Structure formats: structure tokens, C-alpha cells
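Chain by chain, the residues:
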Amino acid sequence: MSESVLYLTTPIYYINARPHLGHAYTTIIADAMARYRRLRGDRVWFLTGTDEHGDKIAQAAAKAGVSPQALADTNSAAFRETWVRLGITNDDFIRTTEPRHTRVVQQILQTLWEAGEIYFGKYGGHYCYGCERFYTEKEIVDGKCPDHDTPLTWIEEENYFFRMSAYQDWLVKYIESHPDLIRPERYRNEILGFLREPLQDLNISRPRTRLEWGIPLPFDERFVTYVWFDALINYVSALGEIGGEHYTTFWPHAQHLIGKDILKPHGVYWPCMLKAAGLPVYTHLNVHGYWRLGGGKMSKSIGNVVEALALTDTYGHDAFRYFVMREAVFGLDADFSEEALVGRLNADLANDLGNFVSRATTLLAARGEVPPRGEVTPAEAEVATVYRKMRADVDAAMEEFAFSRALSAIWDWLGLLNRYVDSEQPWTLAKDPARRPRLESVLYTLGESLRCLGIVLDPFLPLAAGKIREALGVSGAVTFADAEWGGLRSGTPVRKLSGLFPRVAKDAKAAETAPSERIGIADFARIDLRVAEVVAAEAMPKSKKLLKLTIALGDETRTVLAGIAEHYAPADLVGRKVVVVANLHPAKLMGVESNGMVLAGSSEGSLALLTLDRDLPPGARVK
Ligand code: MSP
């Protein structure tokens, strides 16, 4: 197990863009990690912030006729407010225009200057104003910036340089002796690949004649610091004085979380800077992939990353969080689309989770409180065993930032819980006083599952997890120590919790609850509905859901399969008059041909057959 302290950072975001999906993704997964580690009882410091210096801000401010600082204040606030709105639990928010940051940047620059790690030199190169960096001959594509596809400007100027080349061998050895320093492995390999070429010294200044908006070099006021040198130091400056208490507690446990776009500054510049300044290197650099847009075909696709983030308000913060964590494999690129989000929301959240919570709380609330634990049959033992295994799987996944794997482990257990309810049939048990002990043991298991879900889901679905805990009367902070199986007390009052994740009508499945499409009477008339009498009924071998019914339809008898086995015993059906769709194409299910469909209504786990309130002969038309 890793250390019990975590200092977790996101990149500090440029304030020339509005907060969008990409920023939100990094910040959300960082938040999930921070919450997860706090639940483990670890000491966590979670930092995010904004990167406010550079040409782009100065130019935008000039255009808007405001000072760069005024623009920075407004745009930085947009990020801070977005994180509050999304329920992000960062402990601090650093801005590179704060004095606490400037102070540490200047201190590190001075140290490096005095140690001879920085020198003054002349440099000529192809500069891209968009990227605020020089490009080497090798990187240039058709004489243009490979990123912006715009012409580069040849700039020759005197500047300060950091002797980064001197650290090449050290860095290669360091990465080789710390195999999981940069992870996932593909990014470690990318950095090692890059380090096979000779490393250049790093130009760390810009003349003030060209760029005013930055931190002045303490040893030469004519220059300001290069944005990356400035920005990377935020991770240290946010901890206060170097060597101070906060720094000493957290810096040795630093883990950075970044997107793959900024791998090189974090994987190369930053460790060299730290080494030169006599500071320890971070413990892990965790690198995620990129979200791509435009994958959606069915509905209008999302035009840009800001629009994508707006879907948090449409579908809820928990649903958005769940989607981005579940859909992207950490480290790889993923496609964002509204359909995929709605698909996950309906299938995983409304169906798997929402239905379970609704069924379990309804059953428990009907009884009022959690019953005694009762006997533990193999079915209950399996729920507990799989739960414990799931917990271990989640821990292993989270160790590697594998959010998707962690969630899929939880959902595997949830699948088992839903199957447990289906096969134990607590509704049926409740009707038979003789089976009360059995009912109690099932209800206890459901209550305990809910209680554990309310804790385990907390890092991923904080709002829903809070509601689940509330339904069981759990208030105040919880930890994983509370999530040991069997901790639920009998007598705990339970409230019904339904509609945790309402279904969204965006795909075919959602039509069930959606206000449906209007049709004409002629369309309706094409459906041949008839009264039928059940003359025989039997369970289908190997199926939990299906019953095989023989029905009389006027002169004719037919076989019909109905998915009602969890709600009706075969014997209860014989002699009943039901309503069937008589003109459906036959369909073969589990080797039996079904010739028609019995109508039933359903809602949140209950199901009711359509029957007649007065008698009619079999075969009578229904319209
Ligand atoms: N200011 C620098 C970082 C300095 S850190 C010392 C910067 N800022 S940024 O605003 O451009 O943010 C880049 C980061 O935003 C990425 O590393 C990633 O975390 C996130 N994302 C931006 N777009 C993204 C996607 N399309 N997909 C996933 N995340 C991406 O670079």
C-alpha cells in the first residue's frame, strides 16, 4: 500500500480559455482520487489553480481595454466558480499572480543563478507566438508551427538559460530506477524516447521589451521568467515556504495529474529544475489521455468542449462524473458524446444503481427498519464475499488511477445484488408469514449493501452516495473503516429513496418512461389485441424470468412466453383472463416458440398483468 499522505495537483489552467470538458475531466478525477484517499483515512492536500502570465493574456487584456491583472481576476474566478459548482473539494487554489507564488519563483531563480545553473547567452530560433515557445528545425512542419499551422518568426535575442543538458544522464537513470515515476508506462516510454536525443539547455527568460506580463528575474529586471518555469513552480509555491511545515508534510508525497499534452514540461523540465534546486522529485506523474469530440452520429453532436461541460447541468454532476470516469481508460484517449453519456446514465445509473436502491429502500421502508441479520445462506455469503473482493479490486485500481476499472468492479457487485433480489424474491417472501426469517435475512443483506454502497460510491458519485447514506440515517463523515461488511445495526430506520437517477429519454430504451411519440388511430388499429385465457402455465427451465403459458384465444390455443416469473407463480395464473398482442411475429426464446405477447405494466420493480374487470370470452377484441 502506498504512503498515507497524498499531495495531489492538477495542472494550473490557462485563463485565456473558458473552463471546459478537458479541464473538468482532470479536476474531476483528481477530486475522486482526493475523496477516495480521504475515505481511507489518509492525509490529503489537493491543489488546483490558474496559470495567468504570458503574451496571450496581455494581448487579450489590451484588446478588452483592461489591465492584465483585471482580466486575470475575472477569468481565474470563472475556474474557481466552476469547481465550486461541480462540488470539487480542492484544499487550495493557486494563482501565479499571487505574491506567495512570485516569492518562491524568484527564490528558486536566485538559488539557481547563484549555483551557476543559469547563464546568460544568445539564442536564435523559430518562435511561435501562439505556443510561446521556440521550435527546433526538426519539429517544424513546412516552415510552420506544428500545432498552429501558422508561420514562425525568427527571433534572435539574448536570454537566460537553465543548464538542463547537464541533467540528462541523471534523469534517464532516475526514471529507470523509479519504474512507476511516470505512468501509465506508455508515457514513461515516450519520455525515455525523447531523452535518447541530446537534451538542450532551457531558455527561461523573455525580454520585457517583448513581454511585460510575467515574473521579473530577481537578478536582471530587464527580463521576465519563461511561462513554464513560472507555472511548474506553482506546485511548490502553493505549499508556502520551502522547508516550512506544510511543505515538509506534503512535498515528499507529491503526485501530479496532467493530460498528455503537457507531458514534456512535467516529465523533463520539472524533474531537472527540482534536482538543480536541491528539491526532491515528485513521487508520480500520472498522465491521462485526451477527450475527442464529434463521435456522436445519432443526435446533434457537441460542437465544442465548453458545450460538453454544460451537459453537467443538463444531466447532473454525478452522471457527468460517472460518465467521464467510466468511459475513459486512464491514459488513453476517449470519445465524448451526448448519446454515450445518456446511454451510461440510463443503463448504469438509472437501471443498475437506481433500481437497486429503489427496490431495496422500498422493501426496507415498508418494514420501517432494518431487521435482525438472520441466517446466512450461501446467497448471502456470496454477496459478502464478492463485496470484499470488489473492495480489494477498487483499491488496486485506484492505486493506478484506473477509475474505469474501479467502477466496473463496483458495478459487477451491483449486478450480483440485482440478481440476488431477483432470485430471492422478497416480495413473494413477504406474503408468507412462515417465511419471515428468510425475508429478514434478505432485507438485512439489502440494507447492508445499501450502507456499503453509500460509502464505496462516495468518491465517484458524491451526491448519490450522500442520499443513500441519508436514507439509512447515516449523517456526518464516513471512512472505509465503516465499510466493513456486517456493520449495519438492526433497528436502523430506512426511508424510501426512488428516482435517484431518473431515466433520460434519448435512446430507444428510454422510451419506456418518456412521453412517447404520437401515433394515429390507424397505426394503433394495426395491433391486434385480444382477451386470452391462461389454460396452463409452467416455469421455463433455466430461466429466472420466463413463464411458458398456454392460452386460449377463441378457437385457437397458443404458446406464449412471458417475462413475469419473478412476479407470478404459474399456479396463480391458470384460469385468468389476460390481454395479449395476437398479431406479433412468432419469436423463439430458449428453444421455445412464443406466439404473441401478454401485456403487463411495470414500475420500479413491480409488475402487474392487464386483466379484465368484467368477464369476456377468450378471443374478444380489445381496442
Ligand atoms: N497552463 C498549462 C499547464 C501548466 S501546469 C504547471 C496548461 N493549461 S491548459 O489550460 O491548457 O490545460 C491543459 C490541461 O487541461 C491538460 O493537461 C488536461 O489536464 C486538460 N485538458 C485540456 N483539454 C483536454 C482534453 N480535450 N481532454 C482531456 N484533458 C484536456 O497547459
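Everything below is about the structure shown above.
Residues numbered from 1 in each chain as written. Predicted model: local features only at pLDDT ≥ 70, side-chain atom pairs only at ≥ 80, totals over all residues. Heavy atoms only, no water.

So what exactly am I meant to see when it comes to the overall build of the chain here?
Broken down by element type, the chain carries 20 helices and 25 strands. Here the C-alpha coordinates of the chain stretch approximately 100 × 55 × 45 Å along the principal axes. Across the 623 residues of the chain, 52% fall into the buried class. Within the structure as shown, the chain displays about 28100 Å² of accessible surface, and the carbon and sulfur contribution to it stands at 52%. Averaging the locations of the 71 positively and 79 negatively charged side chains of the chain gives two centres separated by 5 Å. (Helix = DSSP H or I, 4+ residues; strand = E, 2+ residues; numbered from the N terminus. Buried < 20%, exposed > 50% of the residue type's maximum accessible area, 1.4 Å probe, protein only. Areas by Shrake-Rupley, 256 points an atom, 1.4 Å probe, with all protein chains shown as cover. Lys, Arg positive; Asp, Glu negative; His and termini not counted. Charge placed at Lys NZ, Arg CZ, Asp CG, Glu CD.)

Please explain a nonpolar patch on the surface as it appears in this structure.
A surface patch of nonpolar side chains, about 390 Å² in accessible area, is lined by I519, I521, F524 and I527. By secondary structure assignment, the location of I519 is in the loop between helix 18 (462–471) and helix 19 (521–525). Accessibility expressed as a relative area gives 52% for I519, which makes it exposed. (Patch = residues over 30% accessible without salt bridge, like charges linked within 9 Å, V, L, I, M, F, W, Y side chains within 5 Å. Salt bridge = Lys/Arg side-chain N within 4 Å of Asp/Glu carboxyl O.)

Looking at this model, I keep getting lost on the packing of aromatic side chains. Mind explaining?
Each aromatic ring pair is specified by the distance between its two centres and by the angle formed by the two planes. Across all of its chains, the model carries 36 aromatic pairs by this definition. A centroid spacing of 5.4 Å and a plane angle of 85 degrees characterise the contact between F323 and F336, whose relative ring orientation is edge-to-face. Of the two residues, F323 sits in helix 12 (residues 317–327) while F336 sits in the loop between strand 15 (334–335) and helix 13 (338–367), which places them 13 residues apart along the sequence. Here F323 and F336 have matching classes, each one buried. (Phe/Tyr/Trp six-rings, centres within 6.5 Å; stacked < 30°, edge-to-face > 60°.)

What should I look at first to understand the packing of helix 13 against helix 17 (residues 436–456) in this one?
When two helices pack together, their arrangement is given by the angle between the helix axes and the distance between those axes. Here helix 13 crosses helix 17 at 130 degrees, and the two axes come no closer than 10 Å. The pairing of helix 13 with helix 17 is recorded here as oblique in orientation. For the element pair helix 13 and helix 17, the recorded crossing hand is left-handed. The segment helix 13 lies against helix 17, with L353, F356, V357, A360, T361, L363, L364 and R367 engaging R436, E440, L443, L446, G447, S449, L450 and L453. (Axes fitted to C-alpha atoms, helices over the stretch in contact; angles between N-to-C directions. Parallel < 35°, antiparallel > 145°, perpendicular 65-115°, else oblique. Left-handed = near helix turned anticlockwise from the far one by under 90°. Contact = heavy atoms within 4.5 Å.)

Looking at this structure, I do not really get the site of the ligand. What am I missing?
The full set close to the ligand counts 22 residues, and I12, T26, D51, D261 and W291 are the nearest of them. Within the backbone of Y14, an N or O atom sits 2.9 Å from an oxygen atom of the ligand. A distance of 2.9 Å separates a nitrogen atom of the ligand from a polar backbone atom of W291. Here the ligand, which alone exposes 670 Å², has 93% of that area covered by the protein. The set of elements that each furnish at least two residues to the shell around the ligand consists of strand 1 (5–14), helix 1 (21–39), helix 7 (227–232) and helix 8 (234–237). The greatest single-element share of the shell around the ligand, amounting to 4 residues, is contributed by strand 1. (Near = heavy atom within 4 Å. Polar contact = N/O pair within 3.5 Å; in protein donor to acceptor, adjacent residues only side chain to side chain.)

What am I meant to see in the sheet that holds strand 8 (residues 202–203) here?
Backbone-to-backbone hydrogen bonds pair the strands of a sheet. The strands run either parallel or antiparallel. Spatial ordering of the open sheet is given by 5-4-6-8, a layout of 4 strands whose pairing is antiparallel. Each edge of the open sheet is held by one strand with a lone partner, namely strand 5 (133–135) and strand 8. Where strand 4 (residues 118–128) meets strand 5, 3 bridges bridge the pair, whose relative direction is antiparallel. Directly across from Y127, in strand 5, lies its bridge partner F134. (Pairing = 2+ DSSP bridges.)

Would you explain the side chain of H288 in this entry?
On the secondary structure map, H288 appears in strand 13 (residues 284–288). A relative accessible area of 3% places H288 in the buried class. In this structure, H288 is in contact with Y25, T26, I29, Y187, L257, I258, G259, K260, F330 and G331, ignoring residues within four places of it in sequence.

What exactly am I supposed to notice about the sheet that holds strand 11 (residues 220–225) here?
Pairing within the open sheet is antiparallel, and its 3 strands lie in the order 9-11-10. Whereas interior strands pair on both sides, the edge strands pair on one side only; in this sheet they are strand 9 (205–207) and strand 10 (216–217). Two elements, strand 10 and strand 11, share 2 bridges in a ladder whose sense is antiparallel. Bridge pairing in strand 11 places P216 opposite V224.

How should the pattern of salt bridges be read in this particular structure?
For side chains of opposite charge, pairing can occur when their charged atoms come near one another. Tallying each qualifying case throughout the model produces 36 salt bridges. The closest approach of N and O atoms between R38 and D91, which form a salt bridge, is 3.5 Å. Remark: D91 occurs in the loop between helix 3 (68–85) and strand 3 (92–95) and R38 occurs in helix 1; sequence separation between them is 53 residues. Judged by its relative accessible area of 28%, R38 is partly exposed. With a shortest N-O distance of 3.3 Å, D42 and R40 are connected by a salt bridge. Judged by relative accessible area, D42 falls into the buried class, the value being 12%. Salt bridges sharing common partners tie together K260, R292, D333 and D335.

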